Amino acid sequence: MPRYANMLESGMKQRGHQVKIWTPKALFYKLPINSFKKWLGYVDQYLIFPIEVKFKLLNAPKDTLFVFADQALGPWVPLVKSRKHVVHCHDFLALKSALGMIPENPTSSTGKLYQDYIRKGFSKGRNFISISKKTQQDLHELHLGNIVNSAVCYNGLSRPFLFIPQESSRELLEEELNIDLSKGYIMHIGGNQYYKNRKGVIEIYEAWRNLYDTPMPLVLIGEAPSEELLEMHQKSNFKKDIHFVTNLSDKYINAAYSGASCLLFPSLDEGFGWPIIEAMASGCTVITTNKAPMNEVGGAAAYYVNKKPTDTEACNQWKKDAAEIVEKVLKLDHLQQIESIKKSFSQSQKFTMEYSLNAIEIIYKQINQIV
């Protein structure tokens, strides 16, 4: 969220707009009472900051547009509900989990109360910008009030991703990771959140190795693996070819995409799906889930697998079907690979930072013109 807010700030300033960021300050949190740090932080956020905002509102020009960088800032939306405002929405996974809509991710009782607090807050908002049609759909289902304006403005790449020749990309990564990648590799990037489906990535990889007996490594970039993943890794017949890579700097991420034989990204859900366009912009063919928003972002350039089912028998068939898609991508001939890269790059150009900020600015102006 801070990164997104900074992107909005710098982008709107470049377009000639005056921008100020209001955020809670650490006052009580700085008190030397370690056992109550969390609660003192809550005092700063939910008691002191609203009072500060009310005073600032007295001097804020009437044509000020109040922008919330994420719907998770919902508790503060009521403070400006009668002023011009817009709320950016990224994903509603936490709220849907709290409502019992995502059984794979149960929520604690306090978590449910907090999400309800957020929901009641952003439901006081009237103007919204969602990062995908799927997020917009969730917004309309979960909002408790009346929505006046609702638009979709897709994310733009937060930094440049370029096509780097595959051979040089692999050499660079090999030197950094000390892994033989000369014959290619299957890549995944993401954290341990349930919806990233890292377990499913390994399951697809094992099914593919069992079916086609091709000794190509799997490289999972992101957080250190969870205990469940480590146990899965140890039990795998292909553990010597499954590599978890952590703390890989941005310098090598672009090369990792460009050097990969494909990006395997079978997420259960996403707010947007950054790795899809990052990979495509880097010249990497993407295999992802045939579910919004992944298929919104991947378009006709990506290859698709079904969402992983929960039933054991259906899951076995899912792994086999997904493995066949992996094999299909890896068996593309030279001309087909070139065509895939072209389609991927073309798709990625729909998600540039300039395009995103221009679209957002148009919505801001439209809302600001409302009397």
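See above for the structure.
Residues numbered from 1 in each chain as written. Predicted model: local features only at pLDDT ≥ 70, side-chain atom pairs only at ≥ 80, totals over all residues. Heavy atoms only, no water.

(A) Region of interest: the pairing of strand β9 (residues 286-289). Where strand β8 (residues 262-265) meets β9, three bridges bridge the pair, whose relative direction is parallel. What sits directly across from leucine 264, in β9, is isoleucine 287. In terms of handedness, the path from β8 via helix α10 (residues 274-281) over to β9 forms a crossover that is right-handed. (Pairing = 2+ DSSP bridges. Helix = DSSP H or I, 4+ residues; strand = E, 2+ residues; numbered from the N terminus. Right-handed = clockwise from strand over helix to strand, strands pointing away.)

(B) Spotlight on the nonpolar core. Counting 34 residues, the largest nonpolar core has Leu173, Tyr185, Met187, Ile221, Leu248, Tyr257 and Leu263 as its most contacted members. Of all the secondary-structure elements, those providing two or more residues to this core are α6 (166-177), β5 (186-190), β6 (218-222), α9 (250-259), β8, α10 and α11 (294-298). Considering each element in turn, this core owes the most residues, five residues, to α10. Methionine 187 has contacts with Val219, Ile221, Ala256, Tyr257, Ala260, Cys262, Leu263 and Leu264, leaving out every residue within four places of it along the chain. Ile186, Val201, Leu218 and Ala322 belong to the second-largest nonpolar core, a separate cluster that totals 25 residues. (Core = buried A, V, L, I, M, F, W, Y, C linked by side-chain atoms within 4.5 Å. Buried < 20%, exposed > 50% of the residue type's maximum accessible area, 1.4 Å probe, protein only. Contact = heavy atoms within 4.5 Å.)

(C) Structural detail: helix α5 (residues 133-142). Restricting attention to buried positions, one finds in α5 the residues Lys134, Thr135, Gln136, Asp138, Leu139 and Leu142. On its buried face, α5 is in contact with β2 (85-89), α3 (93-98), α4 (109-122), β3 (127-130), β4 (149-152) and α11.

(D) Structural detail: the environment of lysine 62. When you line up the elements, lysine 62 lands in the loop between α2 (37-59) and β1 (66-68). On the basis of relative accessible area, lysine 62 is assigned to the exposed category, the value being 69%. When the C-alpha positions of lysine 62 and arginine 83 are compared, they lie 7.7 Å apart, and in sequence the two are 21 residues distant. Contact partners of lysine 62, with chain neighbours within four places excluded, come to Arg83 and Lys84.

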